[in-house]
Amino acid sequence: MSLEFGSLVILSDQKGRNHTLLLEEGKQFFTTHGSINHDEIKNLGEGSVISSSNGMQYTIFSPSLQDYVVNMPRGAAVIYPKDAAQIIELADIKNGSKILEAGVGSGSLSLHILKTIGQSGKLVSCEINEEFINVAKKNVAKYLKNLPTNWNTELIDFQNYSATDKFDAVILDLLNPWDMLKNVQQILKPGGHFVVLEISEPEKFPMKQIFGLYFHNLLPLAGRLISKDKHAYQYLPDSVAAFPKGEQFLNRMRQAGFSNHQWKPLTFGICAMYTGEK
């Protein structure tokens, strides 16, 4: 397959180590085994074998979405491919679906949704952090080579978002989703699907101990050292502690009028997913 400047490629060496790079005219890729010209990679194309200046051979591949998401720059936590696949399945997202996500993160879930809904679908992403929007846009544009015309990003608190059109599914990745249930009901189509992603504390050894050390000690400490604010990053453990877990949150979904509700742990219990229908 032919390549163009601006294409993402993976160079896989003889030991199975992968290196991801963006092809740029006149640039070189440097490793401990010498250099490789980007122009030569482009001319050879995908599936070819190229040698560095010191003789190390590399096979040229185009990265899959899974490869890209795992290694892409991030402004917030990344939703990994296995979890994204479950979200898309449980939200019944398909070609032509109209989807709203609140909490864009680094754009990993946005990429999976855009791939699933195709050109005939639509994705609206709400985010209160402009830096996260910028990171997500760069990640999406880098993988797709442009920003899709059927993807709109909104710098807005989802609680203040309104729309005349209705959505097939709404996905929330927020610190306070219980405050958003009324708005979800207003913008979701009858029969539409609702998904909530929330950080949770694992209950099983050893993830419970590892997570507790990081989340309650190392994360707030890092926040204090970087920002010089003794309260920095303490909001995150506090919000997780305040989240109504399991059946408690399902009860709130029932009270808000959602049906077919369920929840399941993801990523070794570090994250939980709640689903329901209008």
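Draft legend 1. Representation of the sheet that holds strand 1 (residues 8-13) within the structure. Spatially, 4 strands are ordered 2-1-6-5 in an open sheet, and the strand pairing comes out antiparallel. If you trace the sheet from one side to the other, it starts and ends with strand 2 (18-22) and strand 5 (49-51), each paired once. Recorded for the sheet is a direction-independent mean angle of 35° between the axes of neighbouring strands.

Draft legend 2. Seen up close, the pattern of salt bridges. Throughout the structure, instances matching the rule amount to 6 salt bridges. For D92, the salt bridge identified is with K94, shortest N-O distance 3.2 Å. A relative accessible area of 45% places K94 in the partly exposed class.

Draft legend 3. Helix 4 (residues 108-117), seen in detail. For helix 4, the tally of buried residues reaches 8 of 10 residues, placing the bulk of the element in the interior. Residues of helix 4 that are buried: S108, L109, S110, L111, H112, I113, L114 and I117. Positive phi shows up at G118, right after helix 4, with a value of about 65°.

Draft legend 4. The packing of aromatic side chains, seen in detail. Applying the stated criterion across every chain, the model contains 4 aromatic pairs. Ring centres 4.9 Å apart and planes at 70° place the aromatic pair F249 and Y274 in the edge-to-face group. Separated by 25 residues along the polypeptide, F249 in helix 9 (residues 247-255) and Y274 in strand 13 (residues 271-277) bring together distant segments of the chain. Each member of the pair F249 and Y274 is classed as buried. Here the aromatic residues F249, W263 and Y274 are joined through ring pairs into a cluster of three or more. Over the ring of F167 we find K98; its NZ or CZ atom is 5.2 Å from the centre of that ring.

So, how was this worked out
- Residues numbered from 1 in each chain as written.
- Predicted model: local features only at pLDDT ≥ 70, side-chain atom pairs only at ≥ 80, totals over all residues.
- Heavy atoms only, no water.
- Pairing = 2+ DSSP bridges.
- Helix = DSSP H or I, 4+ residues; strand = E, 2+ residues; numbered from the N terminus.
- Axes fitted to C-alpha atoms, helices over the stretch in contact; angles between N-to-C directions.
- Salt bridge = Lys/Arg side-chain N within 4 Å of Asp/Glu carboxyl O.
- Buried < 20%, exposed > 50% of the residue type's maximum accessible area, 1.4 Å probe, protein only.
- Phe/Tyr/Trp six-rings, centres within 6.5 Å; stacked < 30°, edge-to-face > 60°.
- Lys NZ or Arg CZ within 6 Å of the ring centre and 35° of its normal.

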